[in-house]
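Structural overview
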Amino acid sequence: MSNEHAPLLAHGVCGLSVDTAVCGMGGSEGTGEASTPNAVPRKLNTFFGVIVPTVLSMFSIVLFLRTGFVVGHAGLLQGLVMLLVAYTIISLTILSICAISTNGAVQGGGAYFMISRSLGPEFGGSIGLMFFLAKVCACGVYVLGLVEAILDIFGQDPASSSALRVLPQGYWYTVLYSSIVLLLVLLVCLVGAHIFARTSFLILLVVTISLLSIYISPLALTTPLNFLISHQGPGNQTLTYNASYTGFNGTTLRDNLGSSYTVDYSTGKVMSFASVFAVMFTSCTGIMAGANMSGELKNPSAAIPKGTIIAVLYTCIVYVLLFILASSTCERTLLVQDYGFFQRINIWPPFVTIGIYCSALSAAMCSLIGASRILHALALDQLFGKDVVEHVSQRVTEQRTCFGLTQNKEHNVDVMLMLPIGFPLAPAAITSSSGNPWVAVLYTWGLAQCVVFAGQLNAIAGLVTVFYLLAYAAVDLACLALEWASAPNFRSPTSSWGYISQALIFHQVRKYLLMLDVRKDHVKFWRPQVLLMVANPRSSCQLINFVNQLKKGGLFVLGHVKLGDLDTLPSDPVQQQYNFWLSLVDKLGVKAFVDLTLSPSVRQGTQHLLRITGLGGMKPNTLVLGFYDSCTPEDYFLQDPAFYESEEAGGDDFGVDLPSLQAHFPPVRHVESPRWLTPEEYVGIISDAIKMSKNVCLGRYFFQLQGESMGTKMDGAGRIIDVWPLNLLRPGSTSAASVDVCSLFLLQMACVLNMASRWRHARMRIFLCVEAESSDQGWVVKEETFRELLRKLRIRASIKIVPWDSVVQLYGQKQTQDAGLGELGLTRPAPALSEDFLSAVNCLLMEHSAQAAVRFLYLPRPPTHSSQSQQYLSQLEAVTHGLGPTLLIHGLTPVTCTEL
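My aim in this report is to walk through the structure given alongside it, one point at a time.

What counts, and at which threshold
Residues numbered from 1 in each chain as written. Predicted model: local features only at pLDDT ≥ 70, side-chain atom pairs only at ≥ 80, totals over all residues. Heavy atoms only, no water. Helix = DSSP H or I, 4+ residues; strand = E, 2+ residues; numbered from the N terminus. Buried < 20%, exposed > 50% of the residue type's maximum accessible area, 1.4 Å probe, protein only. Contact = heavy atoms within 4.5 Å. Areas by Shrake-Rupley, 256 points an atom, 1.4 Å probe, with all protein chains shown as cover. Core = buried A, V, L, I, M, F, W, Y, C linked by side-chain atoms within 4.5 Å. Axes fitted to C-alpha atoms, helices over the stretch in contact; angles between N-to-C directions. Nonpolar A, V, L, I, M, F, W, Y, C, P; charged D, E, K, R; others polar. Phe/Tyr/Trp six-rings, centres within 6.5 Å; stacked < 30°, edge-to-face > 60°. Lys NZ or Arg CZ within 6 Å of the ring centre and 35° of its normal. Pairing = 2+ DSSP bridges. Salt bridge = Lys/Arg side-chain N within 4 Å of Asp/Glu carboxyl O. Disulfide = S-S within 2.5 Å. Polar contact = N/O pair within 3.5 Å; in protein donor to acceptor, adjacent residues only side chain to side chain. Right-handed = clockwise from strand over helix to strand, strands pointing away. Patch = residues over 30% accessible without salt bridge, like charges linked within 9 Å, V, L, I, M, F, W, Y side chains within 5 Å. Parallel < 35°, antiparallel > 145°, perpendicular 65-115°, else oblique. Left-handed = near helix turned anticlockwise from the far one by under 90°.

This paragraph deals with the overall build of the protein. Scanning the protein for helices and strands turns up 27 helices and twelve strands. For the protein, the proportion of its 900 residues judged to be buried stands at 50%. Contacts in the protein between residues far apart in sequence, at least 24 positions, make up 81% of those at least 6 positions apart. Of the roughly 41400 Å² of accessible surface on the protein, 61% is carried by carbon and sulfur atoms.

Before going further, it helps to spend a moment on helix 17 (residues 541-550). At 3.6 residues per turn, the α-helix brings residues three or four places apart onto the same side. In terms of burial, helix 17 is largely enclosed, as ten of its ten residues are buried. Within the sequence span of helix 17, burial applies to Cys541, Gln542, Leu543, Ile544, Asn545, Phe546, Val547, Asn548, Gln549 and Leu550. One or two steps after helix 17, the chain reaches Lys552, where phi turns positive at roughly 50 degrees.

Grouped together as the largest cluster of nonpolar side chains are 125 residues, with contacts concentrated most on Leu63, Ile90 and Leu334. In terms of residues, this core owes the most to one element, helix 1 (residues 46-101), which gives 26 residues. Once you skip the residues sitting within four places of it in the chain, Leu63 turns out to touch Val207, Leu211, Val318, Tyr319, Leu322 and Phe342. Ile544, Phe580, Ile795 and Tyr858 belong to the second-largest nonpolar core, a separate cluster that totals 62 residues.

Taken N-terminus to C-terminus, the directions of helix 26 (residues 835-849) and helix 27 (residues 869-880) make an angle of 35 degrees; their axes are 7 Å apart at the nearest point. Contacts between helix 26 and helix 27 involve Leu838, Val841, Asn842 and Leu845 from the former and Gln875, Ala878, Val879 and Thr880 from the latter. Class assignment for the residues of the contact of helix 26 with helix 27 results in five nonpolar, three polar and no charged.

Any aromatic ring pair is given by two values, namely how distant the centres are and how the planes are angled relative to each other. Summed over the entire model, instances satisfying the criterion amount to 25 aromatic pairs. Members of the aromatic cluster, connected to one another through ring pairs, are Phe131, Phe273, Phe277, Phe281, Tyr468 and Tyr472. The ring of Tyr339 is capped by Arg66, whose NZ or CZ atom sits 3.8 Å from the centre of that ring.

The next thing to look at is the sheet that holds strand 10 (residues 798-803). Strand pairing in a sheet takes place through backbone hydrogen bonds and is either antiparallel or parallel in direction. Spatial strand order, 5-4-3-6-7-12-11-8-9-10: ten strands in an open sheet with mixed pairing. Of all the strands in the sheet, the pair left with one neighbour each is strand 5 (593-599) and strand 10. The average undirected angle you get between the axes of adjacent strands in this sheet is 25 degrees. Looking at chain direction, strand 8 (residues 720-724) and strand 11 (residues 854-858) are connected through four bridges and run parallel. Following the sheet pairing, Asp722 is matched in strand 11 by Arg855. Sheet contacts for helix 18 (residues 578-588): strand 4 (556-563) and strand 5; angle to strand 5, the most-contacted strand, approximately 145 degrees. Along the sheet, helix 19 (residues 602-612) contacts strand 3 (530-533), strand 4, strand 5 and strand 6 (622-626); its crossing angle with strand 5, the most-contacted strand, is approximately 135 degrees.

As a further point, take the pairing of strand 6. Remark: a regular strand shows side chains that alternate across the two faces of the sheet. With four of five residues buried, strand 6 lies mostly within the body of the structure. Two strands pair when backbone bridges link them, and strand 3 and strand 6 are joined in this way by three bridges, in the parallel orientation. Paired with Leu532 across the strands is Val624, a residue of strand 6. Note that strand 6 and strand 7 (residues 695-700) share five bridges and pair parallel. Counted as the bridge partner of Gly626 is Gly699 from strand 7.

This brings us to the pattern of salt bridges. Two side chains bearing opposite charge may form a pair once their charged atoms approach each other closely. Tallied over the entire structure, the rule returns eight salt bridges. Between Arg66 and Glu148 there is a salt bridge, and its shortest N-O distance comes to 2.8 Å. Residue Arg66 is found in helix 1, and its partner Glu148 is found in helix 3 (residues 121-154); the two are separated by 82 residues along the sequence. Across the pair, Glu148 and Arg66 agree in class, each one buried. One salt bridge in this structure joins Glu788 and Arg791, with 2.4 Å as the shortest N-O distance. Here Glu788 and its partner Arg791 are both found in helix 23 (residues 778-792), three residues apart, which amounts to about one turn of the helix.

Evaluated as defined, the whole model comprises zero disulfides. There is no disulfide at Cys284, and the cysteine sulfur nearest it, in Cys316, is 8.6 Å away. For Cys284, a relative accessible area of 0% translates into the label buried.

Assignment of secondary structure puts Cys751 in helix 22 (residues 741-755). For the pair Cys751 and Leu550, spaced 201 residues apart in the sequence, the C-alpha separation amounts to 9.3 Å.

If you trace the backbone, Asp629 turns up in the loop between strand 6 and helix 20 (658-664). Residue classification places Asp629 among the buried residues on the basis of a relative accessible area of 12%. A polar contact of 2.9 Å, which involves the side chain of Asp629, links it to the side chain of Arg700. Each residue touching Asp629, except ones within four places of it in the same chain, is listed here: Arg669, Arg675, Arg700 and Glu877.

A few words now on the side chain of Asp688. Structurally, the position occupied by Asp688 is in helix 21 (residues 679-691). We classify Asp688 as buried; its relative accessible area is 8%. Residue contacts for Asp688: discarding those within four places in its chain leaves Arg603 and Gln607.

Here we take up unusual backbone geometry. Even without being glycine, Ser693 reaches a positive phi, approximately 60 degrees. Within the element layout of this structure, Ser693 appears in the loop between helix 21 and strand 7. At Tyr701, a residue that is not glycine, the phi angle is positive and equals roughly 65 degrees. By the secondary structure assignment, Tyr701 is in the loop between strand 7 and strand 8.

Let's shift gears to the environment of Trp676. On the secondary structure map, Trp676 appears in the loop between helix 20 and helix 21. For Trp676, a relative accessible area of 52% puts it in the exposed group. For Trp676, the residues in contact, after removing those within four places along its chain, are Ala535, His560 and Glu681.

Residues of strand 3 alternate between two faces, with Val530 and Leu532 on one and Leu531 and Met533 on the opposite face, all of them buried. When strand 3 meets strand 4, the two strands line up parallel, connected through four bridges. Across the sheet, the residue bridging to Leu531 is Val557, located in strand 4. Handedness of the strand 3-helix 17-strand 4 crossover: right-handed.

Taken together, the side chains of Leu183, Leu187, Leu190, Ile430, Trp438, Leu442 and Tyr443 make up a nonpolar region of the molecular surface, amounting to roughly 580 Å² of accessible area. When residues of the nonpolar patch are traced back to their parent elements, those giving at least two are helix 4 (171-191) and helix 14 (438-451). As for its placement among the helices and strands, Leu190 is situated in helix 4.

Think of two packed helices as two axes; the pair is described by the angle between the axes and how far apart they sit. Two numbers describe how helix 4 lies on helix 11 (residues 350-381): the axes approach to 10 Å, and their chain directions differ by 60 degrees. One finds that helix 4 runs oblique with respect to helix 11. Between helix 4 and helix 11 lies a crossing of right-handed hand. Contacts from Val181, Val185, Leu186, Val188 and Cys189 of helix 4 reach helix 11 at Leu361, Ala364, Met365, Leu368 and Ile369. A class-by-class count of the residues in the contact of helix 4 with helix 11 yields ten nonpolar, no polar and no charged.

Below, the structure written as structure tokens:
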């Protein structure tokens, strides 16, 4: 996906091209603002593009017309608490905006763009639509506030005989005036955002002068003032109140400290903390005004966080000072009964009037422009457009064809019902020659026109607050989800001065490890907990990646034995190696721990690790080893670019750079080089693990397995997993189609692999070897029994019946009897199998499993006499020769349960 404005439902990978240095900054024609010839030129800097619109949006109506409302009902103390709560909420959101906006190229659409690109189209579409509606409602609030201020001066008040009061009042007149103001806002927005941006600085100057006049007026008006305030009450009666301005007065401040919630004269409802907070919070809905202009900013990734933080700090100081000033100079009656009391106590009332008109008008324009940009971005992404309906229709058709269903009328009806939802939004992607999304502006204006039918600002303030709180929570959720998910492209800065999170994690891990009681383990909840012994990761990386798929959320430990004796060494050489192994784990992208030990022999060191690795219930139950054969190892470090190419000049946070990592692990063993292990020691490790009740897996040919590296995108489609659950080297040890604990363990491990993300669509086949020509035809019944077992275990696999009469004939009756005694644990030496029999078993496997991606085979118990270790390994080598990736498994743990 070469452009960030490509449809979100389309699949693709963000890549680099010759002429595109940053993903999303170039692309195909007609898919986004940054890539089309009609794209909006990015001309706005931090001050004009972020600080100015954010300050104006946050100064809107509450600053001039609702400060007295908040302080009068809630009191100074609760008013400051409301400010603290509101600014805490928006501060958290701002931090999330900073983290997301600085993490990549931000295109048009502001907060919607950030959310959709962080949480995906499902969250992005729904939250973006909700954020659009919030901006639409906010635009209606600002327009209604402006009309309220106009009627406060020019409206026909029965209690006043002023010549200026010429405008008739009433609900429908309020809607009419609001529609006219909204039409004026529409005309400005149709001209374009740049006209508004050029004039917004002048508007900010006017608002600032109005603010200064409010702060200066108490110093000039030193004498108290009395006012007669009248309102239209129920039953056409006129309610009159006597209110006073006292100037700075300690008694006035003391009287205004506590709350005194009463009836709001505009709505006739009794106010509460929640309802007053809902009105007050509308002043905090402008923090994304700068983010919504992201398509017009020169450098949005730097301008959005810096400009938003500056604007919020400035407005917070202004609001705190204004709350203190109002509560110190005005009696509560004046604050509660007159929204525009700042005009009454100003040295020149037109200062405040002009400030109200300018701030309300600019906030309405900013909301309309911001909402239209969000709608335009939604249309460009085609989340609700006609293409989505076609996409869904195509997918439904594919599914019906896949399952053999015919196209019917119900399918057509379902798709047609979706058309009215998506198609009307498609024209919102249309822009003018200058890049202005004028259709989106018209859509936004039409919805804002519906909002003004509410008639009163306070009536819809709560709805606006809810919309914005949900939108802010979505931004915080996006940032939190990215951090918790450890997304590789979400780069949180690291520090060298410690993390409190590490202390909290330690506390929780210790707590839950103590709660994980091994005595309460149950077979239903068994999962692999693997200790993989690694001699040299250069030749074992493919096996490490494969075992990472097998762990199923369980413990995965990479073990390594350093040969040596601590008595002869000045210090422990193991401690210095952990960072290199941990860096290896990071490079491979596996979720594994590392445990190293120092021992005179590999066998003794493996015993140590099997006993002491892990804590409590988190201890390995399965040992995995690489196969002991004569294959020439391959150097994985020379195949994966992650180990020989790096874009970073330095190392990681722990001082391990790529050359150091390469130098730490020695070159792979040459085919003629002596081994660290003798056959006796290798087979002894297997025997030790079985004696310690650990399951054992031997992996062979895994250097041939492709697609297990971290960067590989695959789901296993086309892959085959083959399972041979019977002991092929002991044909007479078990009945032809019966299974034991080891056989069930094989099945469970294959199912675990089938659940992994890169194997979920692989097909699993189970092979049953039978003597078809035998006079005993009981294997037919036992085959049905095996199928019933798979059904109970809910294992989806196909069963393949493989006649192997010719193979069994080569085994011999005497050998069968000796092998049975060996399986019973007697000390009689294991039988020597003929080369013809081993070759026949190998040919059988090659014939039926040549196309498999991986094979699971039954690993016989090793011989009790160490003198037969070489013979045991030779038999395993002969059977698996040339097969490809194969896992030989000897399972001791019951892992299946058919009970609920």
